[in-house]
Amino acid sequence: MTKDWNTRTKLVHDGIRRSQYGEMAEALFLTQGFVYPSAEVAEARFISSGPDEFIYARYGNPTTRMFEDRMAAIEGTEDGFACASGMAAINGALMALVKPGDHVVAARQMFGSCLHVLKVLATFGVEVTLIDGADLANWRAAVRPETKVCFFESVSNPGLEVIDIKGVAGIAHAVGAVVVVDNAFASPIFSRAVALGADVIVYSATKHIDGGGRVLGGIVLGTREFIRGPLETYVKHTGGAMSPFHAWILLSGLQTLDLRVRAQAANAAAVAAAVVGHAKLARTIYPGLADHPQHALAMAQMGAGGTLLCLDLAGGKAAAFRFLDAMKIVSISNNLGDAKSIATHPATTTHKNLSAEDRATIGITEGLVRISMGIEDTADLVADIRGALDAA
Ligand SMILES: *Cc1c(COP(=O)(O)O)cnc(C)c1O
């Protein structure tokens with residue numbers, strides 16, 4: 001809406017559409033259909049619809065459009081299309097970009113469902129090469145003239161490896177490939193993905209954007225040509241649209257996104273500093289710590305260490321379980337980005353379906369616990385986590 005506003009202002013005001021009632025809060029247009037004043041108007045709208053003209057909620061809805069416009073404004077893309085979940089967004093982005101015979105290069109340090117989508121693409125004749133994405137030499141070696149997409153999580157789930165968006169974009173663009181970034185862990189607050197060369201940015205809105213673990217949602221962001229062209233065509237016809245009710249919840253989530261994410265990152269940094277070197281830990285993994293392998297990259301790319309950290313307990317699964325069970329503030333659950341602190345044991349939950357060997361290649365040990373820091377009091381969190389480590 002207003003390009004010279006800063007993020008916090010955009011998060012509250014951008015994209016708002018007011019009805020004739022001048023309501024202060026974003027209105028929830030819980031309607032799938034729209035009434036046309038005449039048959040002629042209906043005919044015209046199906047040929048081309050203006051910015052305030054809607055047809056069917058699977059194609060678009062005023063509340064959903066407010067969410068799309070606000071997200072595009074804060075990410076700095078021309079447009080966005082809201083999807084039913086982060087996975088609907090990732091599936092939509094990839095399906096809209098590739099056809100049989102195309103080649104995709106992707107980082108193997110990835111959320112299990114993202115790997116599943118790549119497996120489905122492979123069954124339809126898309127060749128997929130999985131690499132260790134943290135090393136740019138692997139991207140250079142894997143791309144070919146028929147490479148259509150380079151796809152990765154900018155910060156990997158759960159290992160917190162940071163992938164160099166600018167570096168991959170340079171390699172991808174040299175062969176004409178599109179860079180698709182799953183930016184869920186960075187969140188829009190720590191994203192400079194457009195400036196660094198990403199073409200398509202995807203979020204699971206279920207995470208930091210909701211911030212309260214209430215609804216599923218996702219969004220694909222990019223150029224107007226891509227979003228209102230192949231992406232919208234694919235998603236609107238295959239049913240991956242976001243519910244207007246979810247868009248309404250997510251719009252209110254966006255208002256506090258900057259406040260929450262910065263508080264979460266400050267808590268993560270404080271906890272990492274307070275536990276690093278603890279006798280029960282084999283490793284403390286946090287991009288904001290100087291010993292993280294991509295610390296300098298994380299700081300340049302995100303300006304912060306992020307809201308998640310991983311603690312690798314030296315005593316393996318038994319110690320990890322004792323640690324999880326001893327925490328009183330931090331809940332055991334597999335969501336992330338929530339105002340409430342959440343811990344999960346990837347080896348027995350989110351990444352249970354990978355073989356032990358595959359888990360080992362992406363750094364998921366039996367002792368690894370992923371913590372998504374919430375916005376609770378810092379001293380309370382440090383005491384809870386340190387106390388549980390002592391007990392583990
Ligand atoms: C959660 C998550 C997804 C999937 O999002 P949903 O909203 O659960 O569909 C994709 N990528 C990453 C990195 C995630 O953390």
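Residues numbered from 1 in each chain as written. Predicted model: local features only at pLDDT ≥ 70, side-chain atom pairs only at ≥ 80, totals over all residues. Heavy atoms only, no water.

The protein chain is annotated in an unreviewed UniProt entry as O-succinylhomoserine sulfhydrylase from Paenirhodobacter ferrireducens. Note on the protein chain: under the UniProt heading Catalytic activity (unreviewed entry), the record states "O-succinyl-L-homoserine + hydrogen sulfide = L-homocysteine + succinate". (UniProt positions renumbered as here; feature names shortened; annotations may be inferred.)

For the rest of this paragraph, the subject is the overall build of the protein chain. Broken down by element type, the protein chain carries 15 helices and twelve strands. Computed over C-alpha atoms, the radius of gyration of the protein chain comes to 21 Å, within 12% of the 21 Å expected from 2.2 N^0.38 for 392 residues, which places it in the range of a compact globule. Principal-axis analysis of the C-alpha atoms places the extent of the protein chain at approximately 75 × 50 × 35 Å. Per-residue burial for the protein chain yields a buried fraction of 54% across its 392 residues. For the protein chain, contacts bridging at least 24 residues in sequence account for 71% of all contacts bridging at least 6. Element-wise, carbon and sulfur atoms account for 56% of the exposed surface of the protein chain, whose accessible area totals about 16100 Å². Here the protein chain carries 34 positive and 39 negative side-chain charges, and the mean point of each set is 2 Å from the other. (Helix = DSSP H or I, 4+ residues; strand = E, 2+ residues; numbered from the N terminus. Rg over C-alpha atoms; globule rule 2.2 N^0.38 Å. Buried < 20%, exposed > 50% of the residue type's maximum accessible area, 1.4 Å probe, protein only. Contact = heavy atoms within 4.5 Å. Areas by Shrake-Rupley, 256 points an atom, 1.4 Å probe, with all protein chains shown as cover. Lys, Arg positive; Asp, Glu negative; His and termini not counted. Charge placed at Lys NZ, Arg CZ, Asp CG, Glu CD.)

With respect to the helices, strands and loops of the structure, Lys-166 is situated in helix α7 (residues 165-174). Classification of Lys-166 by relative accessible area gives exposed; the value is 58%. Between the alpha carbons of Lys-166 and Ala-96 there is a distance of 23 Å; along the sequence they are 70 residues apart.

Moving on, we come to the packing of helix α4 (residues 86-97) against helix α5 (residues 112-123). The contact between α4 and α5 brings their axes to 10 Å, and the two run at 30°. The angle between α4 and α5 places the two elements in the roughly parallel class. Crossing geometry of α4 relative to α5 is assigned as right-handed. Of α5, the residues touching α4 (which contributes Met-87, Ile-90, Asn-91, Leu-94 and Met-95) are Ser-113, Cys-114, Val-117, Leu-118 and Leu-121. The residue inventory of the contact of α4 with α5, partitioned by class, reads eight nonpolar, two polar and no charged. (Axes fitted to C-alpha atoms, helices over the stretch in contact; angles between N-to-C directions. Parallel < 35°, antiparallel > 145°, perpendicular 65-115°, else oblique. Left-handed = near helix turned anticlockwise from the far one by under 90°. Nonpolar A, V, L, I, M, F, W, Y, C, P; charged D, E, K, R; others polar.)

If charged atoms from side chains of opposite charge come close, those side chains can pair. Considering all chains together, one arrives at 16 salt bridges under this definition. When the shortest N-O distance is used, the salt bridge between Arg-70 and Glu-26 registers 2.7 Å. With Arg-70 in helix α3 (residues 62-75) and Glu-26 in the loop between α1 (7-13) and α2 (39-47), the pair connects residues that are 44 residues apart, well separated along the chain. Judged on exposure class, the residue Arg-70 and its partner Glu-26 are both buried. Each member of the salt-bridge network shares a partner with another, and the members are Arg-65, Glu-68, Asp-79, Arg-224, Arg-228, Glu-232 and Lys-236. (Salt bridge = Lys/Arg side-chain N within 4 Å of Asp/Glu carboxyl O.)

Neighbouring the ligand are 16 residues; Gly-86, Asp-182, Ser-204, Thr-206 and Lys-207 lie closest to it. One of the side-chain nitrogen or oxygen atoms of Thr-206 is found 2.6 Å away from an oxygen atom of the ligand. Here the ligand loses 92% of its free accessible area of 380 Å² to cover by the protein chains. For the shell around the ligand, the element with the highest residue contribution is α4, accounting for three residues. (Near = heavy atom within 4 Å. Polar contact = N/O pair within 3.5 Å; in protein donor to acceptor, adjacent residues only side chain to side chain.)

The strand order across the open sheet formed by five strands is β8-β9-β12-β11-β10, and the pairing between neighbours is mixed. Here the strands that pair on one side only, and so sit at the sheet edges, are β8 (281-285) and β10 (331-332). In terms of strand pairing, strand β9 (residues 308-313) meets strand β12 (residues 368-372) through five bridges, oriented antiparallel. Residue pairing across strands places Leu-309 opposite Ile-371, the latter belonging to β12. Against the sheet, helix α11 (residues 257-275) makes contact with β8 and β9, and its axis sits at roughly 20° relative to β9, the strand it touches most. (Pairing = 2+ DSSP bridges.)

Quick look at the domain arrangement of the protein chain now. Under the domain assignment, the protein chain is made up of domain 1 (7-255) and domain 2 (257-391). A separation of 27 Å is found between the C-alpha centroids of domain 1 and domain 2. Taken residue by residue, the interface counts 39 residues in domain 1 and 35 residues in domain 2. Contact between domain 1 and domain 2 buries roughly 3000 Å² in total, counting both sides, with carbon and sulfur atoms accounting for 64%. Notably, a salt bridge pairs Asp-258 with Arg-8, separated by 2.8 Å at the nearest N-O pair. Linking domain 1 to domain 2 there are 15 residue pairs in polar contact (both at pLDDT 80 or more). (Domains from an automatic or database assignment. Buried area = accessible area lost by both parts, 1.4 Å probe.)

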